[in-house]
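Secondary and tertiary structure notes
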Amino acid sequence: MASKEDSSERRLVPRWRYARRIVHTAEHSGDPRARPTFVSRLAIPQDVIENWRRCQSITTAADLVANAVAFDKSAVAHDAARFLIVNKSRTTRDVASLARSVLPDPAATVTNAYTLPIGSESGQEARRIVHDTRLRLADSPRNVAYRLDLSLAYTVLGHAEKAWIEMDRARILAPNHRNVLRANVRLLIHLNRAEEAYALVRRHPRTLQDPWLMSLELTLASILSQPVKLALRARKLIEELKHEPAFIAELTSATGMLELHAGNHKRGRKLLQLSLVDPTDNVIAQAQWAKQQDKSIIVLDKVLQRPGTMEANFFHAMAEARWADALTHVNAWEIDEPFSSRPAVSGSFLALSLLDDSERAIQFAEAGLRADGGDQLLRNNYVVALTRASRIKDAQAEFQKIQRPLPSSYPEYSFLATKGLLAFADGEIEVGRKLYTQAIELARHTERQLVLVNWMDTESRYSPETAELMIKEYGALLQSNRNPVISAMATETIKHHKKQQLTISIERPKKLDVPPVLLQLLKYDRTVKNR
């Protein structure tokens, strides 16, 4: 059965994007405590503004935008910035990036993520970036942004060693740069080297004062199940900088999650709401994820319209059963983080379980596995997608690659259900039923109905006569489930079965041969229905 990662913890790990797609936030600004108070009173030289008005050219536009950034007067340069973006082919990438940074509208701040290449084309994009960036580095070997882009492109292509070499070079060039350190941590987490990331953050002197690095200490300690050593300092820093909500957004969110895990729900919710005053897209996604467990958390629609909120909007669309919208958002999320397996897991689950699109699920899975071949849950979804596409031998070969013990994000019941699906596809119907039964026995009562609806779907594909009785016995129970995913899956399975009835003659058995232990478990589920 296809699975998603809702049951596993979402961590507030840093975003890592190509330079031209960076969503500029307070993370990319200086420390407000060190900001000179007189800067805001300075004005852009009038001749710079007049030059732009008299002659609109690349030179005058770039001059005005550079001054607008220097004097924190971005509104004056909006027209010039848009001029540079429209004519980006005539200027450098750095100038175009600077122009995007002064514009408030999402379309300018983020490249149109919804129309960027997806799936295998993400690899083509990465290869193009590798080629172009290596040429640029020949002229500018000390350019840190180029090194970070090259490292990210290598990560997308699955070249872990090359990615680490470029990241290490970037850190040597800028050992104290916040964004370099955060990108370094993100890569280490991706490479399953969280202990090294934690050591890097813990020993860096900037961590004790920088909320963007301090939030990483809290997150990494949680990942590694280590005691959080900077929790008290984090609370003090949040209080000290409470008038700079954008600058402490991620620290506030990380501290809020820490409080929720400690059982301090009221304080945790308060901090999560505070983090949404002026949030990053990462903070918005964290709050939207937490809302799945705590409906009292409020994420306003206007917040979801901010740049880079593809992941948050995916969670939001899934919660509201807007499957087509969810696909749009998860496509954009996969483009935004092509090295991460999380959008690939979510996208493949959506395509398989709710859209019945095995080919799209295969695209998601193959793109994710290229960058993160060790993700067992994603490989599970790949197996299901290949089976649905009638590529049984390929599915069996991929299933053999799943290594035990299984990670916490990949539950045993999901593994057994997928094994049961393969047995059905291979003609071993009774073996498959036994495996599905074992899966239901292992699942918690809140997850049994998810296994059951997958079993019912499998029966409808390989043994429609048994599916007829399962639908009669459990169809209404599953359709009325409060979980919109289970309800929608049951509805689609029943529709698919009814279409089969119109094209083939289904022999209806007199009774459903279900093991007694299964009947007992499902009877229990009826008494705690939708709890």
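Scroll up for the structure.
Residues numbered from 1 in each chain as written. Predicted model: local features only at pLDDT ≥ 70, side-chain atom pairs only at ≥ 80, totals over all residues. Heavy atoms only, no water.

Attention now moves to the packing of helix α11 (residues 211–223) against helix α12 (residues 231–240). In the contact formed by α11 and α12, the axes pass within 10 Å of each other and the chain directions differ by 145 degrees. Considering only the axes of α11 and α12, their crossing is left-handed. Here Pro 211, Met 214 and Leu 218 of α11 lie close against α12, whose contacting residues are Arg 233, Ala 234 and Leu 237. Within the contact of α11 with α12, the residues separate by chemical class into 5 nonpolar, no polar and 1 charged. (Axes fitted to C-alpha atoms, helices over the stretch in contact; angles between N-to-C directions. Helix = DSSP H or I, 4+ residues; strand = E, 2+ residues; numbered from the N terminus. Left-handed = near helix turned anticlockwise from the far one by under 90°. Contact = heavy atoms within 4.5 Å. Nonpolar A, V, L, I, M, F, W, Y, C, P; charged D, E, K, R; others polar.)

This next bit is on the pattern of salt bridges. Under the counting rule described, the total for this entry stands at 40 salt bridges. In this structure, Glu 125 and Arg 20 form a salt bridge, with 2.8 Å as the shortest nitrogen-oxygen distance. Taken together, the positions of Glu 125 in helix α6 (residues 120–139) and Arg 20 in the segment before α1 (46–54) put the pair 105 residues apart, joining distant regions of the chain. Here the salt bridges share partners, and the residues they tie into one network are Arg 10, Arg 15, Arg 17, Asp 281, Glu 311, Asp 336, Glu 337 and Arg 342. (Salt bridge = Lys/Arg side-chain N within 4 Å of Asp/Glu carboxyl O.)

Once that is clear, we can look at the packing of aromatic side chains. This structure, assessed with the given rule, holds 11 aromatic pairs. Residues Phe 315 and Trp 333 carry aromatic rings whose centres are separated by 6.0 Å and whose planes lie at 70 degrees to one another, so their mutual orientation is edge-to-face. Of the two residues, Phe 315 sits in helix α17 (residues 310–319) while Trp 333 sits in helix α18 (residues 323–336), which places them 18 residues apart along the sequence. Assigned by exposure class, Phe 315 and Trp 333 land together as buried. Between Tyr 410 and Phe 415, the ring centres sit 6.3 Å apart and the planes meet at 65 degrees, which makes this aromatic pair edge-to-face. Judged by relative accessible area, Phe 415 falls into the buried class, the value being 8%. Put simply, the rings of Phe 424, Tyr 436, Trp 455 and Tyr 462 touch in pairs and so form one group of aromatic residues. Cation over ring: Arg 360 sits above Phe 364, and NZ or CZ is 3.8 Å from the ring centre. Between the NZ or CZ atom of Arg 404 and the centre of the ring of Phe 415, over which it lies, the distance is 4.6 Å. (Phe/Tyr/Trp six-rings, centres within 6.5 Å; stacked < 30°, edge-to-face > 60°. Buried < 20%, exposed > 50% of the residue type's maximum accessible area, 1.4 Å probe, protein only. Lys NZ or Arg CZ within 6 Å of the ring centre and 35° of its normal.)

With glycine set apart, most residues show a phi of negative sign, and most peptide bonds adopt trans. Here the bond from Arg 404 into Pro 405 is cis, since omega is 5 degrees, no more than 30 degrees from zero. The phi torsion at Asn 192 lies on the positive side, around 60 degrees, for a residue other than glycine. Among the secondary structure elements, Asn 192 is positioned in the loop between α9 (178–190) and α10 (194–203). You will see that Ser 225, though not glycine, has its phi angle at about 55 degrees, which is positive. Relative to the helices and strands, Ser 225 resides in the loop between α11 and α12.

Our focus in this paragraph is helix α24 (residues 429–442). Here α24 is 14 residues long and its end C-alpha atoms lie 20 Å apart, about the 20 Å a rise of 1.5 Å per residue gives. Inspection of α24 places Gly 432, Arg 433, Leu 435, Tyr 436, Thr 437, Ala 439 and Ile 440 among the buried residues, and these make up the whole buried set. (Expected span 1.5 Å × (residues − 1).)

Counting 81 residues, the largest nonpolar core has Phe 314, Met 318, Leu 350, Leu 354, Val 451 and Leu 478 as the members making the most contacts within it. The dominant element in this core, judged by the number of residues it contributes, is helix α23 (residues 412–425), at 8 residues. Residues Val 13, Ile 129, Val 144 and Leu 181 belong to the second largest nonpolar core, which totals 39 residues. (Core = buried A, V, L, I, M, F, W, Y, C linked by side-chain atoms within 4.5 Å.)

On to helix α25 (residues 445–462), then. Between its terminal C-alpha atoms α25 stretches 26 Å, which fits the 26 Å expected from 18 residues at 1.5 Å a residue. By the criterion of burial, α25 is predominantly enclosed, with 14 of the 18 residues buried.

On to the environment of Phe 415. The topology assignment puts Phe 415 in helix α23. In sequence terms Phe 415 and Leu 435 are 20 residues apart; their C-alpha atoms lie 9.5 Å from each other.

One can find Glu 259 in helix α13 (residues 249–261). Residues within four places of Glu 259 in sequence aside, it is in contact with Arg 235, Asn 264, Arg 267, Gly 268 and Leu 271.

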